[in-house]
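Take a look at the letters that make up each chain.
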Amino acid sequence: MWKSRQARAAKNNAAEGASYFWWYEFFDPVAIVAAKPSEFLGSQDFAVVAIEFDKQGFVTTKHSHKGLLRGRLNESLNITLSAGEEPNARLYKLGKWFTGLGDVSIHWAPGLCSVGQQPDAAQVRSDTYLYGRLFKATEFSTTFGCREWAYQLYDDERPYIDVTSYVPKGKTFEHGSYIREFIGWARFGDKKPVIGKHEDAWYCLYDCPGGERPGKIADIQAWAVRNGWAAPRPPTKAPAFPDPPAKPGTYPK
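Here, residues in each chain are numbered from 1, in the same order as that chain's written sequence. pLDDT decides what is reported in this predicted model: residues at 70 or higher carry local features, side-chain atom pairs at 80 or more are listed and counted, and totals for whole chains, interfaces and linings draw on all residues regardless. As a rule here, side-chain values cover all heavy atoms of the structure and leave hydrogens and water aside.

Peer 1: Honestly, the overall build of the chain in this entry has me stumped. Any pointers?
Peer 2: Per the convention used, a helix needs a DSSP run of H or I reaching at least four residues, while a strand needs a run of E reaching at least two, with both numbered from the N terminus. If you tally the helices and strands in the chain, you get three helices and 12 strands. It is over C-alpha atoms that the radius of gyration is taken, and the globule rule equals 2.2 Å times the number of residues to the power 0.38. Relative to the compact-globule value of 18 Å for 253 residues, the chain shows a C-alpha radius of gyration of 19 Å, a close match. Its C-alpha atoms put the chain at 50 × 40 × 40 Å along the principal axes. Relative to its 253 residues, the chain shows a buried fraction of 44%. In short, Shrake-Rupley with a 1.4 Å probe defines the accessible areas, and a residue's cover is counted only from the protein chains shown. Counting every atom, the chain has about 14,300 Å² of accessible surface; 53% of that belongs to carbon and sulfur. Positive charges are assigned to Lys and Arg, negative charges to Asp and Glu, while His and the chain termini are left out of the count. For charged residues, the charge sits on one atom: NZ in Lys, CZ in Arg, CG in Asp, CD in Glu. Counting 32 positive and 28 negative side-chain charges, the chain places the centres of these two groups 2 Å from one another. Only protein chains enter the accessibility calculation, which uses a 1.4 Å probe; a residue is then buried when its area is under 20% of its type maximum, exposed when over 50%, and partly exposed in between.

Okay, structure coming up:
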């Protein structure tokens, strides 16, 4: 899927007069994490793509774009990747800088959210909006989002970020725990392993402890003990932090 996305991006970027660009063309995964193939999906390998920036916003990760790439925050609170420094440079919208919902969100905001996870006037009336009252998780859902990421990132006592989408078991997806597409972020100085449970196995995807390569975790209990941590436990609800007045969940320690 990543190779297909790169190919489509290259085609779109080559279109004459394009006012925006697709960043996928210019970055290769920092890791490909192999998972057990699925009868329904075939290959389930995970492409881990990471982009690092310096404090001026310039991309420091190796890429194939011929010029500079720079991250920007615009007046609409969009986080964009810009193809250069000029004001009219082509750009791609990576997500929205969500500043929260006041006191109820102090533990999970601000954060970088996709468009579909923003509580705007259109989204709150949609049953696809992850944090809304109309959302009902199914076996096909992604229940891990920007609030769950930010909550775990901000919790100084939590040593890792669990990106698992915990969903109802169904006929197609019968395990109830899956790694599905997500976007994360970190501040300068943050370094937490990114882990997730896919079907019956745990995987470390990024910033693995002790310099370990991303890959399958043979025994999550032993892995946690070896690093002096408690083993991960599912959140008390998924998604964990819906819009009020719904009661929030938490990630047990």
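Peer 1: Help me out: how do you make sense of the pattern of salt bridges in this one?
Peer 2: It is possible for side chains of opposite charge to pair when their charged atoms get near one another. Criterion for a salt bridge: a side-chain nitrogen of Lys or Arg within 4 Å of a carboxyl oxygen of Asp or Glu. Tallying each qualifying case throughout the model produces seven salt bridges. Between Glu212 and Arg226 there is a salt bridge whose closest N-O contact spans 3.5 Å. Of this pair, Glu212 sits in the loop between β11 (201-206) and β12 (215-217) while Arg226 sits in helix α3 (residues 220-226), and the two are 14 residues apart along the sequence.

Peer 1: I'm lost on helix α2 (residues 146-154) in this one. Help?
Peer 2: Helical geometry: 3.6 residues make up each α-helical turn, so side chains three or four residues apart lie on a common side. In terms of burial, α2 is largely enclosed, as eight of its nine residues are buried. Considered for burial, the residues of α2 that qualify are Cys146, Arg147, Glu148, Trp149, Ala150, Tyr151, Gln152 and Leu153. Tucked into the core, α2 has its buried residues touching β5 (91-98), β6 (111-113), β7 (161-162) and β10 (194-198). We call two residues in contact when some of their heavy atoms are within 4.5 Å.

Peer 1: Whenever I open this one, unusual backbone geometry confuses me. Can you help?
Peer 2: Note: most peptide bonds trans; most residues except glycine with negative phi. Residue Ala238 is joined to Pro239 through a cis peptide bond whose omega torsion reads 0°. If you trace the backbone, Pro239 turns up in the segment after α3. Omega for the peptide link from Pro244 to Pro245 comes to 15°, which places this bond in the cis form. Mapped onto the secondary structure, Pro245 falls in the segment after α3. We note that Leu77 has phi near 65°; this positive angle belongs to a residue other than glycine. Look at Leu77 and you get partly exposed, because its relative accessible area is 31%. Its identity is not glycine, yet Glu199 carries a phi of approximately 60°, on the positive side. Structurally, the position occupied by Glu199 is in the loop between β10 and β11. With relative accessibility at 15%, the residue Glu199 sits in the buried group.

Peer 1: Help me out: how do you make sense of the sheet that holds strand β4 (residues 78-82) in this one?
Peer 2: Think of a sheet as strands paired side by side through backbone hydrogen bonds, with each pair either parallel or antiparallel. At least two bridges found by DSSP between two strands are what make those strands a pair. Spatial strand order, β3-β4-β5-β6: four strands in an open sheet with antiparallel pairing. Lying at the two open borders of the sheet, with one neighbouring strand each, are β3 (70-73) and β6. Strand-to-strand twist across the sheet, computed as the mean angle between neighbouring axes with direction ignored, equals 35°. For β4 and β5, the ladder comprises five bridges, and the chain directions are antiparallel. Within β5, the position partnered with Asn78 by the bridge is Lys96. All axes here are fitted lines through C-alpha atoms, helices being fitted over the stretch that makes contact, and every angle between N-to-C directions spans 0 to 180 degrees.

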